[in-house]
Each structure stands twice: as C-alpha cells, then as structure tokens.
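# Residue-level structural notes
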2 protein chains.
Amino acid sequence: MFSMGDEENLSIKKNDSSTVSAKSIVQKKLEELGMKFCEEIDRGVFPTIQMKSRSTSNIFYSPKYKQYILGDSKVTRSSRNIAHLRPFAQMVWTAYFVHELIKQKKTSTLRDVYYSAQAYDIFFKDQSESDNIITDLETVIEHPRESFNVFPEERSAVFGDLTIEYTVPGYEGRRMNLSSHPDGVMIGPALTDARFIKTSADKVIVIEKGAMFTRFVEEKVYERFNAILIHTAGQAPRSTRYFIRRLNRELGLPVYIFSDGDPWGMHIAMVIISGSANAAHLRELTTPDAKWAGVWASDIIDYKLPSEKLSEIDIKRLKELKNDPRYEDRHWQKQIDLFMKIKKKCELEAFSRYGLTHIVDKYLPERLKELGA
Amino acid sequence: MFSMGDEENLSIKKNDSSTVSAKSIVQKKLEELGMKFCEEIDRGVFPTIQMKSRSTSNIFYSPKYKQYILGDSKVTRSSRNIAHLRPFAQMVWTAYFVHELIKQKKTSTLRDVYYSAQAYDIFFKDQSESDNIITDLETVIEHPRESFNVFPEERSAVFGDLTIEYTVPGYEGRRMNLSSHPDGVMIGPALTDARFIKTSADKVIVIEKGAMFTRFVEEKVYERFNAILIHTAGQAPRSTRYFIRRLNRELGLPVYIFSDGDPWGMHIAMVIISGSANAAHLRELTTPDAKWAGVWASDIIDYKLPSEKLSEIDIKRLKELKNDPRYEDRHWQKQIDLFMKIKKKCELEAFSRYGLTHIVDKYLPERLKELGA
C-alpha cells in the first residue's frame, strides 16, 4: 500500500497485489536504513542521515504533478553533531518502532507514537516534536506514514458496489462488498490495505456532507449513476485521500467532488486533487485527475440557490486561493472571481429549497453530463 | 424505533419489532395532531397546541430516572394570538414535513429541514429558529427527532458480533453481522432502525477515541471479552446514544464507557448515562445503568500514567461538574476531588507508555473485574 511508485508508471493496475508488496518495500527500506547505521558504526564513523529539506524555501508547485513538491536542497543529520544527536536518536527509535508495527501487523496513531516512546525511555517534549520526526521519516523513506501503519484518528465512510478482500490479520482472504451497510463503512486501516476485487461502478462521487451522503444512498445514486460514494466529513482525512487515489488509479474510475459553494468547500476539493504543502514530500495522497463538480459560484445564479453573504474571513480566504498556484486553472479562477463579484456562498443542502431529491434528480445528472461523465 | 415507552415497562425485549411499531406510533400521533387542528377549524375555534415548558425554571434533575426531566408547567400556543401565529404555522408545516418523511421512508437533517421549508414558502429567519421548532415538536410528540427521521450529521461506528436485520427501503429483511468490517460500520439511520437478531456478546464497551477503538479491534477485545465495541468519536451523537440504550435495554447487555481522564472525558461518559439538560423532554437517549470505566483520577496514580497539568479551563469545568446533580454519586464526587487534588489529567493513549497492548492486557481485564463484569 501507499507505494511511491514510478511517476511514469501510473497506468491502471487492475486487482493486483500492489498494496501488499508496497508494504514489504517500506519494511525493506527501514531495514536498509538500520543496516546503513550499523555498517557506519562498524567502520568507525558517526552514522548520518540525509533527506530532502522541507523548509518553505525548498517547496515548489509542480504543474506537471499538479501538487507541491520538494526541490533538490538537502539536509544532513549527523550523530557526530551534538545539536543533531537528539533528533537523530529519536528518528532511529521511530524507525525501529514503525518497523515493529509492520512486523507485528499492528497499527498506531501520531498520539500513540508519542506515548509509546516513553515505554522505551525515548522522550519527546511534546507531540509536535514526535509528529515532526515522523514527517522526517516519511521524507527519508519516501512513503506516507500510513504505509508504516501510523493512521489518522479521523475516519470517513464509503458505500457502493465494490468487493474488497482484506489483508489484515484475522481477516486475510475474507471479502466484503462495500454496499453491505447503507450507513456506509468506515475508511480505516483494514480498508486502506484491502485488495480491490470487483466493481460494477464506473465513477466515484465524493461528498463533503453526511446529510448529502445519506441522501445519495437513499436516492440510490450508486445504482442510477453506477457510482461509489465517499463521505469525507469535511476535509478528507489522509487515508480517505489515499483510498480515492487508489479507486482512480487501480480501477481507472473518474472522480467527482461535491462540496459547499464557498472557499472552504473549494479547498476540500482542491486538497483531494492536489494535496497540501505539508505533504510536498509525498505523491500518494493526491488525485490530479479528480474534478471539482460543485457547488460553483455560477450554480448559485443558474440554479437560483438560497445563499448567504460572504463574511470578511471568506473574502480574505478567496484572495489567498486566487494567488495559490494550485488554483491557476481557468475554471477555478473564474469561479473565485464570480464568488467575489456576487459576494455570496451556498451550502450543498441549499438544493433542498426545491425539494429533497432535486439535487439528485436535476443537478447531479446535469453536472455529470457537463463534465463529460 | 425511539419508542417513548412506559417508564415501568423497561424489561429486556429480545428481537421484537419495537423499532418498527414505534415509528408507526409517531406517524399516528402526527396524524392525530393534524386531525385536532382540522376539527377545531370545523368547530369555528382557533387551533391551539399545548406542550410542556422547556424554560430552565421547568427543568429538574430526577434521581429516579438519573436524568433531567421537565416539570408540570405548560405553555399554550394559539393561532388566535398574533404573536404565536408565526411559530404555530412553522410547527404545523414541520409536522407535515416530518410526516411526509416517515411516509416516504426518507431521512433528513436539521440543516436540510431549514432549507426544505423554503420549497413550501415557509420561512425561518435562520437555522436556530427551525431547530427550535423541531425541539417543540419533539416535546409535543414525546419522541426524539430521529423517530421522525431527522438525523444528526455526525456519525460514529460499531464493531462486534451482532447480527442485525435492516428495515430501510431496498434493504428490508437483509441481514448483516456487525463484525463484517474491521474498521467498523457507521451508526446512521439504517442501523438505528435495524432489528437485533442474534449476538454472542455479553457486554458493550464504548470508547471515546478512534485510536483505542482500532487497538481494541486489533487486539480482538470483541472475542477475548465477548464485547460489542462502539466508537463515539468524542461526545456521542444522539443516534449513537440511542443505539447504546437499545443494546442495553433490548439485549440486556451491561455497558462500560472508556474516555479520557479529564472533565471532558467524564462528561462524555455522563451524557451517555444521564443525557443533557437540552433533552430533558426525552427519555430515549440515556442509559442510566451504563458504567464509567475510566480513565479515573485514581488510575493516573495506580497505573503510574503519563499525565499533563490541569489547565485553568479544566479546573473551572471540574468545579461545574462538582455541583452538577448528575454527578451526585459518591464515586464521581471522589474522582472529581482527586482530579482537583493531583491537578493532573490523562488520555486513554497514555497506557501506551507501557506498550501498545498494555491497556488491553492489563487495564481492561482489571477494570472489568472491579466493576463486577
């Protein structure tokens, strides 16, 4: 899972076992790192570690990858340097700890790693110090922390016709269809590591709001539009972004994102598409081909939607997005300008103004057609 | 579902169809309300509506029910009174709308109801006005809004050996076992309305944190301790509190709640047990027999847990809890005093200080034994 992969080799891989072999790649990389330290000690030299710099001066936007990436500037951490000794030791322990997680097939969270360190007499002054070391390790190993079993606390849900096969202990080989439970099943470690077996879906629809997710399930959007539905519950957690990418890359499904019609909703869509500057050292958390499907500023006018006035903070945020390189595309720029002009925003639920099923009966088919689905 | 029931008739009801018949009771009550208005109009009198007052002067703590309840003071809303006309009309529409929801087997949310009103030219000046009318309707009908299909946006998850049978459209009669997906399945409208068919569990363990929920699944707590596991994701949403109550009442399972060792964690446990003053007009959202299983202030000492200093806000909150009638029990009082004395707080994850599985291998069995499980 969470394989870094070759950037040139991103064609559709159907039902292969990429998620499992990728985990063994991470395990191997961690072991090579340990070997390197041992050999250095054997040779009588102080162990060092080199990684790409994550300072803001080394973060650039790449139009090719449609995301932030790190430049060529590097930092070296040496156990010889007394100022480096503490973070160096912390990273060695963290690498050991996550290697144990993989070996024992256990998962953990950032918070848990912070406390677990104390069991080994490794002390972090607070969680931000341990979080930072884990990001260092992501940079060195070139895989997201989920691939060494450190998962986020938040979860979101999925519903649709996709049969998966578990690889987690106690469930190996067991299959489930993701339409088994109409309230949706959680996207957690088990689903992240599952193999994709079979689907009749030809698209993925991502929804920010739980109310709309439930509406879409009730109105059988999965059947009427052959879609896998994903509920992000606001800003999509990393494992959900990774799951969306897998649906897009491994199954070749186009992805359409519906979020509130305001700068915050736009950014929920954008982070799924292009990721965040914080994850400039990773590629596995973006879906550059995903499409922002609404609510657009122009929808507020075209669909005569109930709206609210933009607040000062909304306007400030729109100005920031206007100059954000991820928003350089003409459609996004046009919509930002229109939000500014009409000074209005609108939620997904606003379609209920024309009846509960209006969003599914009218807006959804029109928008999917418009986007060439 | 969400039947108000007779307070004296709360014995264990195994696998009956109470959830379905209760929904038809709500439907009938709504129809009777409409009939009453029609008859009044036929008789040439202005329709009125009477309900218990929800003003703070009419909210009392009941040691018998272990929750806040409303007193005998009543308010009358008359369509004759020009000042009452607006909320009266709003309530008539809301009653009509939720009756349609039940008839059409659709669900909605508070936000959705607010927007839907505009489709009928009924206007609320903001969502708090429509939320308030829905609470009025709960008070009149004496059932929580979930029983007329208005659900919260937030969700939490469940995992364990419990076979349920769906009653929602398209899924009628289909069964699922809640241990099918190791990440947990969402607690939404479909699960709320499901029948309980079969379980091998003899207890329910409720966990505030996702990290611990995942740990408990990975360490097979459901098998080792015959437990159904519930993840509340912080303060338990209403449908989750209702689901916990059903497990306790219909299946006779004792409930143990694990939350962070601080006033906020205590209150997560307390709201599951005794509810909130906001829901004083309802009985279906509490589980008076549920037990707060930790983290106690005494655990910080007894288990030598890593802790943080209480903040000013924590101390202020503890003082409030100290005088809250729901906290009158001796054990809670003792723990509040001890938190104040040691001036420390502690999270569930702190047990990882002794290794990832310490909480499951040592703390959990010791605590369950202590509580007589």
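Cut-off values and rules
Residues numbered from 1 in each chain as written. Chains lettered and ligands numbered in written order. Predicted model: local features only at pLDDT ≥ 70, side-chain atom pairs only at ≥ 80, totals over all residues. Heavy atoms only, no water. Helix = DSSP H or I, 4+ residues; strand = E, 2+ residues; numbered from the N terminus. Rg over C-alpha atoms; globule rule 2.2 N^0.38 Å. Buried < 20%, exposed > 50% of the residue type's maximum accessible area, 1.4 Å probe, protein only. Contact = heavy atoms within 4.5 Å. Areas by Shrake-Rupley, 256 points an atom, 1.4 Å probe, with all protein chains shown as cover. Core = buried A, V, L, I, M, F, W, Y, C linked by side-chain atoms within 4.5 Å. Pairing = 2+ DSSP bridges. Axes fitted to C-alpha atoms, helices over the stretch in contact; angles between N-to-C directions. Polar contact = N/O pair within 3.5 Å; in protein donor to acceptor, adjacent residues only side chain to side chain. Salt bridge = Lys/Arg side-chain N within 4 Å of Asp/Glu carboxyl O. Buried area = accessible area lost by both parts, 1.4 Å probe. Domains from an automatic or database assignment. Nonpolar A, V, L, I, M, F, W, Y, C, P; charged D, E, K, R; others polar.

A word on the overall build of chain A. If you tally the helices and strands in chain A, you get 13 helices and 17 strands. Its C-alpha atoms give chain A a radius of gyration of 22 Å, within 12% of the compact-globule value 21 Å for 373 residues. Seen along its three principal axes, the alpha-carbon backbone of chain A occupies a region of about 75 × 50 × 40 Å. Counting only residues that meet the buried cut, chain A has 62% of its 373 residues in that class. Across chain A, contacts joining residues at least 24 apart in sequence account for 75% of those joining residues at least 6 apart. When the accessible area of chain A is evaluated, it comes to approximately 15100 Å², of which 52% is carbon and sulfur surface.

In this section: the nonpolar core. Membership of the largest hydrophobic core comes to 204 residues, with the highest contact counts inside it found for I205, F216 and L229 of chain A together with I205, F216, L229 and F243 of chain B. With near-sequence residues (within four places) excluded, L229 of chain B lies in contact with A157, V158, F159, I205, I207, F213, F216, V217, V221 and Y222 of chain B.

All names here are of chain B. Here we have three strands laid out as an open sheet, ordered 9-8-11, and antiparallel in their pairing. Here the strands that pair on one side only, and so sit at the sheet edges, are strand 9 (175-177) and strand 11 (195-199). In this sheet, neighbouring strand axes are inclined to one another by 25 degrees on average, regardless of whether the strands run parallel or antiparallel. Two strands pair when backbone bridges link them, and strand 8 (residues 162-165) and strand 9 are joined in this way by three bridges, in the antiparallel orientation. When the sheet's bridge partners are listed, I164 is paired in strand 9 with M176.

This part is about the side chain of Q335 of chain A. Residues and elements named next belong to chain A. In this structure, Q335 sits in helix 12 (residues 330-342). Residue classification places Q335 among the buried residues on the basis of a relative accessible area of 1%. Among the polar contacts listed, one links the side chain of Q335 to the backbone nitrogen of S298, at a separation of 3.1 Å. Beyond its immediate sequence surroundings of up to four residues, Q335 is in contact with M266, W292, W296, A297 and S298.

With that out of the way, let us pick up the pattern of salt bridges. Under the criterion given, the structure shown has 64 salt bridges over all chains. When the shortest N-O distance is used, the salt bridge between K106 of chain A and E219 of chain B registers 2.5 Å. Of the two residues, K106 of chain A sits in the loop between helix 2 (82-104) and strand 5 (108-109) while E219 of chain B sits in the loop between helix 6 (210-218) and helix 7 (221-224), which places them in two different chains. The pair K106 of chain A / E219 of chain B is uniform in exposure class, with both members buried. Taken together, the shared-partner salt bridges in this structure form one network comprising R111 of chain A together with K209, D260, E308, E347 and E349 of chain B.

Of all the nine residues making up helix 6 of chain B, eight are buried; the element is thus mostly covered by neighbouring parts of the structure. Listing the buried residues of helix 6 of chain B in full gives G210, A211, M212, F213, T214, R215, F216 and V217 of chain B.

Attention now goes to the interface of chain A and chain B. Contacts between the two partners involve 60 residues from chain A, matched on the other side by 59 residues from chain B. Summed over both partners, the interface of chain A with chain B comes to about 4500 Å²; 49% of that surface belongs to carbon and sulfur atoms. As a salt-bridge pair, D112 of chain A and R215 of chain B come within 2.6 Å of each other at their nearest N and O atoms. Seen at the junction of chain A and chain B, the total is 34 residue pairs in polar contact (both at pLDDT 80 or more).

Residue and element names in this part refer to chain A. By domain assignment, chain A separates into domain 1 (18-151) and domain 2 (157-370). Each of domain 1 and domain 2 has a C-alpha centre, and these two points are 31 Å apart. On the side of domain 2, 28 residues touch domain 1, which itself brings 25 residues to the contact. Of the roughly 2200 Å² buried where domain 1 meets domain 2, counting both sides, 60% is carbon and sulfur surface. In this structure, the connection of domain 1 to domain 2 is made through three salt bridges. With its nearest N and O atoms 2.7 Å apart, the salt bridge here joins R238 to E138. At the junction of domain 1 and domain 2, the tally comes to eight residue pairs in polar contact (both at pLDDT 80 or more). Among the elements of the structure, helix 1 (18-42), strand 2 (59-62), strand 3 (67-70) and helix 4 (127-141) are those that each provide at least two residues to the side of domain 1 that touches domain 2. Here the residues of the side of domain 1 that touches domain 2 sort into 10 nonpolar, seven polar and eight charged.

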